[in-house]
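# Analysis of the macromolecular model
So you can see what is in the structure, the chains are spelled out below.
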Amino acid sequence: MGDHETVRVRLRAALCADDPWTALDLLNTDRPGPLAGAVEELYRSDTEPTAFRPYLTWLLRSLGEPGDAVLLRLSAMPGLALDDRRDLLSAAVARGLRLPAELLRTYAQDAPASSEGNAGTGGSTARTLVDAMGLSGDLSFAPLLGALLEDPAAPRGRVALALGRLGARAWAVPIAVRLSEATGLDHTAFTVALELMGDPAAVPHLLRWLAETSEEHVYDVHHTLVRLTGRDPLLPERAYGAEYAAAVRAAWADGRTERAPAVVKDLLVESGARARFSVDEGTGRIRFAFDPPSPGSSWPRWNRCLTFDGKPLYRVGSICDTCELGLTLLDWPADEAARIAARMRGRLTDLDRLDTALLAEWSPVLGELETGHYRALLLDLPLEQVTDPAQSWWYRGAAARAEADGDDGARPDYDRPEDHWPGVTHFQLTTPVPGGRVPFTYGAFLPSQPPEALDPATVARHTAAVEAGERPAAVVLGWIDDRYVRAMNEERWLVGAVLDGHHRLAAYAAAGVPARVLLLARVGGGMGEDGGLEGLAEVAAVYGCQQ
């Protein structure tokens, strides 16, 4: 039996299984090209049941570029049933594909005759068609989309995002003016659309709306003002609800929109191992940022990335605290990121305590961080370098949850160690930190430069120094991440990105000596979280530098 026929037989067997979804998930996708070809052949076949088509469309979404090519071809098939067209369109949008403008116009013309309604209604086909127009890159759709902003029955949040993805700046002011008409996620979508457009013409309208709007909308308006103006005023560390809203309004009350020079202030050394400071008007060259919203998603703000100069380094995952924490390497920053951190290196050679003079000396570097309140902890952490996905806490933690939930320890075939792997060799705590309210804290630090670029001779030199008693410090931008996974398992993580000291951390791991780490952690945020203060205190109590 030829290879093509083998793939086709296996695919058809999965479709006929009692549980087709699981059977398709277990198909060998190491060769997605042949599988994508078999999917297209079955989809187009006149002899195969049309009931297979939703499964085939779902499978194409998981096959990467070969699946994308098939989705584009199938979407243009003549005579598609409405349900098939909707499923293919939804899959193409979820993949972020750019469908031909003429095909989308055909879909729009055909929509009024369908039970799903036209592009001005809330039907599922119409909502997805709006998303597809936003992904098309064709500004000729802007007038049609803009007109839908006037239609109360239209999915206006999606319409605004589509205009934002098109970069249709002519609609920035109309969207800003209509913020008073938007509620809930639509209001968030309007503000995110303005961020995608990046048009400062919306700023005066945002300032007026900030003074009038209800408490629930203040965060969105503030976030958009920061993105459009570059000004990022410092807010109180632990202000929530009405207090937070009042602080935001006060920060913008004078109408000033120009960025002021970064200031590091409120320096306070609590001990040789703990200090605090605040950054006002930070440049944000190193910051957490929301990803552009995923096409088709109901949530305008969801996933976040750790970015250097606007370039994503790691995907940090969603803001949902019942989801697993999952960090994923996206790309390496420009060399400037390493140069910024290296400006701290002179005092890191043998750092054994924190003091005010030291933090003041580092103020130019600390000002490159995002505006906010920070804790500085000098820690001695037992770290190991992990290269095997099965040994990473991301997988071992998932296995521990399964055991706690009463599973027999067997992991499903599709739940593999590499599915939890952040995509790069990293450093992690050799054992979890014992805790209180949360039983323990996992810990992992991820690199900001390729591990394979480390110089073995430099690592060896640092290893010899560590074995001789020296304690050079690495600098990590970290945070505490609390989760209640699936609303069943409380889980806490100490995670961070190594800003400076990759060779030093490798040397400590090689020597088997606890690594001296200067941890810089932003706390608070005005959205109700505790900022990780509890977790940072537990880490400091166990691993704070004692010298």
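Above: the structure in question.
Treat the numbers as computed from the prediction; the structure is a model and nothing was measured. (Residues numbered from 1 in each chain as written. Predicted model: local features only at pLDDT ≥ 70, side-chain atom pairs only at ≥ 80, totals over all residues. Heavy atoms only, no water.)

As a further point, take the sheet that holds strand β4 (residues 303-308). Taken in spatial order, the 4 strands line up as β3-β4-β5-β6 in an open sheet, and their pairing is antiparallel. Each of the sheet's edge strands pairs with one partner strand only, and the pair in question is β3 (286-290) and β6 (328-329). (Pairing = 2+ DSSP bridges. Helix = DSSP H or I, 4+ residues; strand = E, 2+ residues; numbered from the N terminus.)

This brings us to unusual backbone geometry. A positive phi angle, near 55°, is found at R486, a position not held by glycine. Under the relative-accessibility criterion, R486 is labelled partly exposed at 43%. At A487, a position not held by glycine, the phi torsion is positive, near 55°. You can see A487 is positioned in the loop between β12 (474-485) and β13 (489-500). (Buried < 20%, exposed > 50% of the residue type's maximum accessible area, 1.4 Å probe, protein only.)

Once that is clear, we can look at helix α19 (residues 393-404). Here α19 is 12 residues long and its end C-alpha atoms lie 16 Å apart, about the 16 Å a rise of 1.5 Å per residue gives. If you check which residues of α19 are buried, you get W393, W394, Y395, G397, A398, R401 and A402. Along its buried surface, α19 packs onto α20 (417-420), β9 (426-429), β11 (440-446), β12 and β13. (Expected span 1.5 Å × (residues − 1). Contact = heavy atoms within 4.5 Å.)

Moving on: the nonpolar core. Generally speaking, nonpolar side chains in soluble globular proteins are found buried as a group. Counting residues in hydrophobic clusters, the biggest one holds 83 residues, and the most contacted among them are L11, L145, L163 and I175. Leave out the neighbours within four places in its chain, and L163 touches A142, L145, G146, L149, A168, W171, I175 and M197. Core analysis: the second largest hydrophobic core is formed by 45 residues, L351, W393, W394 and Y442 among them. (Core = buried A, V, L, I, M, F, W, Y, C linked by side-chain atoms within 4.5 Å.)

For β12, the buried fraction is high: 10 of the 12 residues fall into the buried class. Sheet analysis places β12 next to strand β14 (residues 515-523), joined by 5 bridges and oriented parallel. For V475, the partnering residue across the bridge sits in β14 and is L518. Bridging between β12 and β13 involves 11 bridges; their strand directions are antiparallel. Pairing of W479 across the sheet is with V495, part of β13. Between β12 and β13, which pair antiparallel one after the other, the connecting turn spans 3 residues, and R486 there sits at a positive phi close to 55°.

Let's shift gears to helix α5 (residues 65-75). Owing to its 3.6 residues per turn, the α-helix brings residues three or four apart onto one side. Along α5, the positions that sit buried rather than exposed are G67, D68, V70, L71, L74 and S75. Buried residues along α5 cover an arc of 165° about the axis, so they all sit on one side. Packed against the buried residues of α5 are α3 (32-44), α4 (53-60), α6 (82-94) and α7 (101-110). (Arc of directions from axis to C-beta.)

What follows concerns the environment of C320. Note on placement: C320 falls in the loop between β5 (311-318) and β6. Judged by relative accessible area, which is 16%, C320 ranks as buried. Placed 174 residues apart in sequence, C320 and L494 show a C-alpha to C-alpha distance of 17 Å.

With 5 bridges joining them, β3 and β4 adopt antiparallel strand pairing. Bridged to R287 within β4 is T307. Sheet topology places β4 next to β5; 6 bridges connect them, and they run antiparallel. Its bridge partner lying in β5, N303 is registered against S318. Hairpin connection between β4 and β5: a loop of 2 residues separates the two successive antiparallel strands, and D309 in this loop has a positive phi of roughly 50°.

Okay, the packing of helix α13 (residues 203-212) against helix α14 (residues 218-229) next. Axis separation between α13 and α14 bottoms out at 10 Å; the angle between their running directions is 155°. With respect to their mutual orientation, α13 and α14 come out roughly antiparallel. Seen along the crossing, α13 lies across α14 with a hand that is left-handed. Contact residues: α13 offers V203, L206, L207, W209 and L210, while α14 offers V218, V221, T224, L225, L228 and T229. Class assignment for the residues of the contact of α13 with α14 results in 9 nonpolar, 2 polar and no charged. (Axes fitted to C-alpha atoms, helices over the stretch in contact; angles between N-to-C directions. Parallel < 35°, antiparallel > 145°, perpendicular 65-115°, else oblique. Left-handed = near helix turned anticlockwise from the far one by under 90°. Nonpolar A, V, L, I, M, F, W, Y, C, P; charged D, E, K, R; others polar.)

In this structure the tally under the stated criterion is 40 salt bridges. E150 is the partner of R178 in a salt bridge, and the nearest nitrogen-oxygen pair spans 2.0 Å. Placement of the pair is R178 in the loop between α11 (172-177) and α12 (184-197) and E150 in the loop between α9 (142-148) and α10 (156-166), with a sequence separation of 28 residues. Among the charged side chains, a salt-bridge network with shared partners connects R437, D482, E490, R492, E534 and E538. (Salt bridge = Lys/Arg side-chain N within 4 Å of Asp/Glu carboxyl O.)

Examined against the element boundaries, R483 turns out to sit in strand β12. Looking at R483, the relative accessible area reads 7%, which means it is buried. Of the polar contacts made by the side chain of R483, one reaches the backbone oxygen of S318; its length is 3.4 Å. Separated by 3.2 Å, the side chain of R483 and the backbone oxygen of C323 make a polar contact. Not counting residues up to four positions away in its chain, the partners in contact with R483 are R304, S318, C320, D321, C323, E324, L325, N489, E490 and E491. (Polar contact = N/O pair within 3.5 Å; in protein donor to acceptor, adjacent residues only side chain to side chain.)

That is the geometry; function is a separate question.
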